[in-house]
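Listed here are the chains, written in short residue letters.
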Amino acid sequence: MTESEATSKDQQSVLSSARLALLNSCSVNPLLGQYADRLSESGVAGHYTSHGAENNLYKIELLLEHDESNTFGMEDLLWDVGFEEAYDAVAFQIGNPPDREENEGRGCIDPARTAAGLLETGERISHVAGSGGRMIFATGHPGAMILYYLGLSRWAKELGGDVLTVETRGRYERGVSLDWADSVATLGDGASLFHTHDPQPMRDVLQQTGPVDLIVADHGFAGAAIAAGIPTVVVMDTNDPAFAVVAGRGADVTVVPMDDNRPLNSYAAALGVLKEEA
């Protein structure tokens, strides 16, 4: 084992101990089990998530090949990642091995892990927004998650946060431009919003915003923020191993392990949990 791998293992051990203490201690949060039940019932976590073992392992292999669609702009942070580190990092974040299936072709996310990530997200947003901090919200998964991010950005404004929007001149995947749904960045062509892993739109946004205190995003929007060293909250599905690895290596990131392919209204449960104790 190299020195880098040993350091990563030590970091994961510390993070694992802290998170497990939260999940297992009723004195810390006696309602965590109730939140987990709500998230499982909504379908955003549990034993019937969208991506099964084959896809999850395939995405780890693509990460090891430095596939840009799976490094999300964090290539410099991931150049030496190995299979064992990626596999273990994903297992830690989702609370299950990435190749575990209880239903054929479906993955597993421990809803208590999702609840813990959401509660931490609520704390971070309320802290930054309450002090008037500068924030960006963005999604590469608007077809499923636009209402979730709209709810977060509007809540941040209500708390006093400075939620940023800027115009960019770039053309990205499919030749489309950056668009804003209220205060949430996404890709669009005026008729449709598009799924993307591209980090370049967020890079272009950050060139114009000046300092940012917190970014709440997914896919390439989150990856570009993490690569820039900006505190970030990211939604990570079971087949997004890059985020698990950088979190395990000590990046300033809160991971919310959550299925990002559910019906739009499914995420109302996640918003409810997130705001519950903030």
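Residues numbered from 1 in each chain as written. Predicted model: local features only at pLDDT ≥ 70, side-chain atom pairs only at ≥ 80, totals over all residues. Heavy atoms only, no water.

### Digging into the environment of Asp218
Tracing the backbone through its elements, the reader meets Asp218 in the loop between β8 (214–217) and α10 (219–227). Sequence separation of Asp218 and Asp260 is 42 residues, and the distance between their C-alpha atoms is 9.3 Å. Look past the residues within four positions of Asp218 in its chain and what remains in contact with it is Ala138, Thr139, Gly140, His141, Met145, Tyr149, Val234 and Val235. At 2.6 Å, the side chain of Asp218 and the backbone nitrogen of Gly140 are in polar contact. (Helix = DSSP H or I, 4+ residues; strand = E, 2+ residues; numbered from the N terminus. Contact = heavy atoms within 4.5 Å. Polar contact = N/O pair within 3.5 Å; in protein donor to acceptor, adjacent residues only side chain to side chain.)

### Some words on unusual backbone geometry
Notably, Asp182 is not glycine yet its phi reads approximately 55°, a positive angle. Structurally, Asp182 can be placed in the loop between β5 (177–181) and β6 (184–188). Overall, Asp182 belongs to the partly exposed group, its relative accessible area being 40%. The phi torsion at His219 lies on the positive side, around 45°, for a residue other than glycine. As for its placement among the helices and strands, His219 is situated in helix α10. (Buried < 20%, exposed > 50% of the residue type's maximum accessible area, 1.4 Å probe, protein only.)

### What to know about the side chain of Thr121
Its place among the elements puts Thr121 in helix α7 (residues 111–130). With a relative accessible area of 0%, Thr121 lands in the buried category. A polar contact of 2.8 Å, which involves the side chain of Thr121, links it to the backbone oxygen of Gly117. Those residues in contact with Thr121 that sit more than four places away from it in its chain are Val233, Thr254, Val256 and Leu274.

### Quick look at the packing of helix α3 (residues 53–64) against helix α6 (residues 83–94)
The N-to-C vectors of α3 and α6 enclose an angle of 135°; their axes lie 10 Å apart at closest approach. Compared by their axis directions, α3 and α6 come out oblique. The chirality of how α3 crosses α6 is right-handed. Contact residues: Leu57, Ile60, Glu61, Leu63 and Leu64 in α3; Phe83, Ala86 and Tyr87 in α6. (Axes fitted to C-alpha atoms, helices over the stretch in contact; angles between N-to-C directions. Parallel < 35°, antiparallel > 145°, perpendicular 65-115°, else oblique. Left-handed = near helix turned anticlockwise from the far one by under 90°.)

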